[in-house]
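So the chains spell out like this:
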Amino acid sequence: FEISLSILDHLGRNLYRNFVTILGEAISNSWDADAKNVWIYVENDNFIIKDDGIGMDQSDFQNKFLRVGYSKRKTTSTSPSGRPYIGRKGIGKLALLSCAEKVTIASKKEDTGYVGGVINNSVLDDVIKDDLTPDKYPLEPLDLSVFGNHLNAHDKGTIVFFENVRDGIKNSLDFLRKITALYFRFSLIDDNFNIYINDEKITLDDIKELSDKTEFLWNINNFTDPFIDEKLAHIQGNARQSITMIGSAKGFIASVKTPKNLSILATGERVSIDLFVNGRLRERDILKNAPTARIAESYLYGQVHLDTLDEGEDKFTSSREGVVADDPVYQEFLLAMR
């Protein structure tokens, strides 16, 4: 078979236009690479994501990172340190590599120099329009100067520079800190995984505004989580209840004093009840799949963790954000929710 580069668009290159989703892809890659730290730097409409993971040599970069559809799970489901792999089908990187005019990737192992290259998406758009094959589109050579002092003391890991994000980074740093604390729960799975935005560590204090306005809590299947154990410790007595459900789902549902308390993102978006798999957000607002028009829903938020959705072979249809709406395990959970 000879593959046209237009396959990149068919697989979803232009589907992931939400900055939160793109950020999630980058953080997931760092998690899978056994990074202990991820640093995110926002500079106008440019941003840099840097980690101290195992990094890549030239073979890794060409045959794994640039190989669309490459799956780490063919041989094992966990990283060398035992973390459950987040990446599944090897196509999420298309979101990461197509969200800016130029994307520069530099990576190194402890015993190698930097390898990488530059993806110029305006050029790639023309190449796809001309229906060329991959061998007709070599990456532009790596230019380390774009990283400036971000290379200092970087012994291993990967750095990605996004130049002129296509939709712009329109949201404030406060917004980015809140969505990172809300949706990227990796640091709650592993105490050795930290995320920083402009060198300030993300903690649960970034969503204190939400926890302070929470009045009631329902814990699903004895879920343990620093957010409910520490930030919602003020909820006691009858206001703190336990729910036992059949199956492997765990998590919590909480309610706030007034519906406006869920609007902490300053973008018109509301915090909702979300689905997580192995610490990664897989679907926002799962109640939309079981509509009831009950007033109570406008007061609720929470997290449902259903790691079994990542076990075994794919048996469900995924949508642009990895939604697993027709998976039988997920449907059983929704039925219990109703």
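Provided above is the structure to which this section pertains.
For clarity, every value in this text was computed on a predicted model and none was experimentally measured.

### Things to note about the pairing of strand β12 (residues 280-283)
Argument step 1. Across three bridges, the pairing between strand β11 (residues 273-277) and β12 is antiparallel. Its bridge partner being in β12, Phe276 is matched across the sheet by Leu281.

### A few points about helix α3 (residues 58-65)
Argument step 1. Those residues of α3 lying buried are Asp60, Phe61 and Phe65. The buried side chains of α3 occupy one side of the element, clustering within an arc of 100° when seen end-on.
Argument step 2. Against α4 (93-97), β3 (100-108) and β4 (115-120) lie the buried residues of α3.
Argument step 3. Residue Asp57 occupies the N-cap position of α3, its side-chain oxygen lying 3.2 Å from the main-chain nitrogen of Ser59.

### A look at the sheet that holds strand β8 (residues 214-220)
Argument step 1. Spatially, six strands are ordered β9-β8-β10-β13-β11-β12 in an open sheet, and the strand pairing comes out mixed. Two strands close off the open sheet at either side, each with one partner strand: β9 (240-243) and β12. Going across the sheet, the axis of each strand differs from the next one's by a mean of 25°, ignoring polarity.
Argument step 2. When strand β10 (residues 250-256) meets strand β13 (residues 300-305), the two strands line up antiparallel, connected through six bridges.

The rules behind the values
- Residues numbered from 1 in each chain as written.
- Predicted model: local features only at pLDDT ≥ 70, side-chain atom pairs only at ≥ 80, totals over all residues.
- Heavy atoms only, no water.
- Pairing = 2+ DSSP bridges.
- Helix = DSSP H or I, 4+ residues; strand = E, 2+ residues; numbered from the N terminus.
- Buried < 20%, exposed > 50% of the residue type's maximum accessible area, 1.4 Å probe, protein only.
- Arc of directions from axis to C-beta.
- Contact = heavy atoms within 4.5 Å.
- Polar contact = N/O pair within 3.5 Å; in protein donor to acceptor, adjacent residues only side chain to side chain.
- Axes fitted to C-alpha atoms, helices over the stretch in contact; angles between N-to-C directions.

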